[in-house]
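What the coordinates show
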Amino acid sequence: MSEDPEIVMGLYVPPHPHPLLAPDQNEGWGRLRDAFDVCRQRIEESDADLILIYSTTWPSIVGHQIQAHPKPVFTHVDDDFHFLGSMPYEFSMDTEYANEFRDACEARGLQSRTVSYDGFPIDTGSVVALKLLNPDNRIPACIVSSNVYSNRAEQIVLGKAARDAMSKLGRKAVVVVVASLSNRMFTEYIDPSEDRIHSPKDDEWNRKILEFFSDGRLEDISQLSREIQGQVRVSKVVAYKPAWWMASTMGQHNNYDGEVLAYEALHGAGGAVIQLTPSAGSIGDKEFDEDDVEYYHGDRDVLGKGAI
Amino acid sequence: MKATGPSGRFSLDWSVSRVMAKGEIVLGCLAPHPPHVVYAENPEQNEPFAEGGWEALRWGYHRLARKLKTIDYDCIVTLTPHWQTYVGTHFLGLERFQNISVDPIFPNLFRFHHDIKVDVELSELMCEEAAEAGIVTKMMRNPDFRVDYGTIVSCHMMNPDWDKPVVTISSNRSTHYYSNEVMNDQATALGEAVLKAIEKSGKKVVLVASHSLSHRHFVTEAPLPEDMSREHIYNHSQYVWDMKAIDMMRKGEMRELIDILPEMIEQTMAEAEGGGLTWMMAAMGMPDYPAEIYGYQSVIGTGNAIAAWDPNETTREIVL
Ligand SMILES: [Fe+2]
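Residues numbered from 1 in each chain as written. Chains lettered and ligands numbered in written order. Predicted model: local features only at pLDDT ≥ 70, side-chain atom pairs only at ≥ 80, totals over all residues. Heavy atoms only, no water.

Residues and elements named next belong to chain A. Inspection of the entire model under this criterion finds 39 salt bridges over all chains. Here glutamate 27 and arginine 31 are joined by a salt bridge, their closest N and O atoms 3.8 Å apart. Residue glutamate 27 and its partner arginine 31 are located together in helix α2 (residues 27-45), separated by 4 residues, close to a single helical turn. As a salt-bridge pair, glutamate 211 and lysine 208 come within 3.5 Å of each other at their nearest N and O atoms. Here glutamate 211 pairs with lysine 208, and both are found in helix α6 (residues 200-214), just 3 residues apart, close to one helical turn. Take lysine 208: its relative accessible area is 39%, and that puts it in the partly exposed class. (Salt bridge = Lys/Arg side-chain N within 4 Å of Asp/Glu carboxyl O. Helix = DSSP H or I, 4+ residues; strand = E, 2+ residues; numbered from the N terminus. Buried < 20%, exposed > 50% of the residue type's maximum accessible area, 1.4 Å probe, protein only.)

What follows is the structure, given as structure tokens:
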């Protein structure tokens, strides 16, 4: 539908507030913070002019919501980890890109809208990512929600719409996904020094996913999303969606240089800071037959069919 | 101990007369919180303007609010699925929260300036009793915390004067982490603990389970959200489940309804998955008397019923 945009890099970062608010309370949280800092520096040294965030901690219902407030200001507090402190923020958003992204979504059949309201509750994951990756608001950002009902086709099309808008405006983007790997936390309070991945199974799967990431096999991870959902994701939502969106936005292939900068436990969940940089070579041993989707046609009205 | 009473006559000052009366639950309400109903009311606290809408629910809420005015109570205690906690159950622990609440899903409808007073003493007592019962708990003491919009919508519709303190209890996500059955068990334990705390407090308390019944939304919104020609239930099976639940409420079959709730949640994505109804019914001893039904209507496809359980037989009514 459009020219390939220039993707400077992709980052996969965890949504928990610990690396921002409590990096000194646990060595692992500190290492995640260090990894965020490395990414921040690399972004600064790049010629990127847009940071686009897809956050799994911003759920939406009416289609896909896109943050378009030019300067959102508020103080955010996490629902679970409020005792770690408050997160005051003032961000700088790329309103032009947000509007273009919405138009591109609509052109591909998606329901979408921009939000631009004083006091809108920007989610924990986005706040953490923007405060750590872009602390001086040097680069304008944009955030897109994760629709609770959406599934693969919608995520793929959403990623393509994000690309369309980048191409149209000539943006050089850092693509950021805010998501855990395994997302089961401990359900009781733990001493920070005793944090660990919730189970060996979660840990094993996380390490397998990280192996793929470090080999740059983004499309392979995308294709394994349903398996990942079944194995290491608490069924909060219908699917593990971030890799679908990330691959679709960055390019559905395995031509990336992957680097895992940190992998640690966050109250039991798997938190990783990963960088993917587009490259020439490809790796992998898989081909897939799940259809690529260009345009979203909406629900297929399965529930309504055959009703008495 | 002997003393001289006000009349001057010799009397016995029984120590029991100084003991606080046992606290009680004076009403339990199922109070759904789609921000649409506050939006449609156009209260001065809310920024957007509406031409109305969802009258079946709003008029039901008005009637319930009138009933509440006739009841002597100290505090409203709400369990809300929009304060979601994975690590334990949390309780509001500061006396006042002044802020703007912007709905993350429907920011076009709900940007509400609020000034909420909290009964911290009661909140702490509930937290202690819950901990005593083995439930993981936490008091929320961060002054920058934003009270969730579920609490605000339900409490505003029931008491638009905001002249009573509230307590908000978070929704532990045991449905996601375990199963609907585990949620039912844990919410039951929480309800029983909360009852103990209320009895100890000596206070008269209104409980609020803030949620819808069936909970599948349309993912599109009418250009004018209050255009009632566009409003209907998501599909017929949601409606049938909602009617089944309301019928059981009318018949006072709350034990039975809570027993089949896991199935209803599975089938209709019912927002009772957050534990509100189970918690409230457990605290009230699984009422076997009829609920007062105040209204039922869909909001962006979800099924919403307003119902109340009045333990006082003399004031209990047949509303609808
Ligand atoms: Fe809700």
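Still to come is the rest of the account.
With that out of the way, let us pick up the side chain of Ser171(B). Residue and element names in this part refer to chain B. Tracing the backbone shows serine 171 in strand β9 (residues 166-172). In this structure the side chain of serine 171 is engaged in a polar contact, spanning 2.6 Å, whose partner is the side chain of arginine 173. Here the side chain of serine 171 touches glycine 274 through a polar contact of 2.9 Å, landing on its backbone oxygen. (Polar contact = N/O pair within 3.5 Å; in protein donor to acceptor, adjacent residues only side chain to side chain.)

All right, on to the coordination of the iron ion then. Residue and element names in this part refer to chain B. Within the first shell, the iron ion binds the protein through His33 (NE2), His82 (NE2) and Glu271 (OE), at distances of 2.0 Å. Read in sequence order, the donor residues for the iron ion give the motif H-x48-H-x188-E. In this pair, histidine 33 sits in the loop between β3 (24-30) and α1 (35-41) while histidine 82 sits in strand β4 (residues 75-85), placing the two residues 49 residues apart along the sequence. Exposure remark for histidine 33: the relative accessible area of 4% places this residue in the buried category. With a relative accessible area of 24%, histidine 82 lands in the partly exposed category. (Donors = N, O, S within 2.8 Å, 3.2 Å for Na, K, Ca; no water.)

All names here are of chain A. Position of proline 5 among the secondary structure elements: in the segment before β1 (6-13). With relative accessibility at 12%, the residue proline 5 sits in the buried group. Considered as a pair, proline 5 and arginine 163 are 158 residues apart in the sequence and their alpha carbons are 6.2 Å apart. Contact partners of proline 5, with chain neighbours within four places excluded, come to Arg163, Met166 and Ser167. (Contact = heavy atoms within 4.5 Å.)

Attention now goes to the environment of Arg141(B). Residues and elements named next belong to chain B. Position of arginine 141 among the secondary structure elements: in the loop between β8 (137-140) and α4 (149-158). A C-alpha to C-alpha distance of 18 Å links arginine 141 and asparagine 172, two positions 31 residues apart in sequence. For arginine 141, the contacting residues outside a window of four places in its chain are Gly93, Leu94, Val120 and Glu124. Side-chain polar atoms of arginine 141 contact the backbone oxygen of glycine 93, separated by 3.0 Å. A polar contact is formed between the side chain of arginine 141 and the side chain of glutamate 124, at a distance of 2.9 Å.

A few words on the pairing of strand β10 (residues 204-209) of chain B. Residues and elements named next belong to chain B. In terms of burial, β10 is largely enclosed, as 5 of its 6 residues are buried. In the sheet, β3 pairs with β10 via 6 bridges, with the strands oriented parallel. Each bridged residue has a counterpart across the sheet, and for leucine 30 the counterpart in β10 is alanine 209. Pairing of β4 with β10, which is carried by 5 bridges, proceeds in the parallel orientation. In the sheet register, leucine 79 faces β10, and the bridge partner there is alanine 209. (Pairing = 2+ DSSP bridges.)

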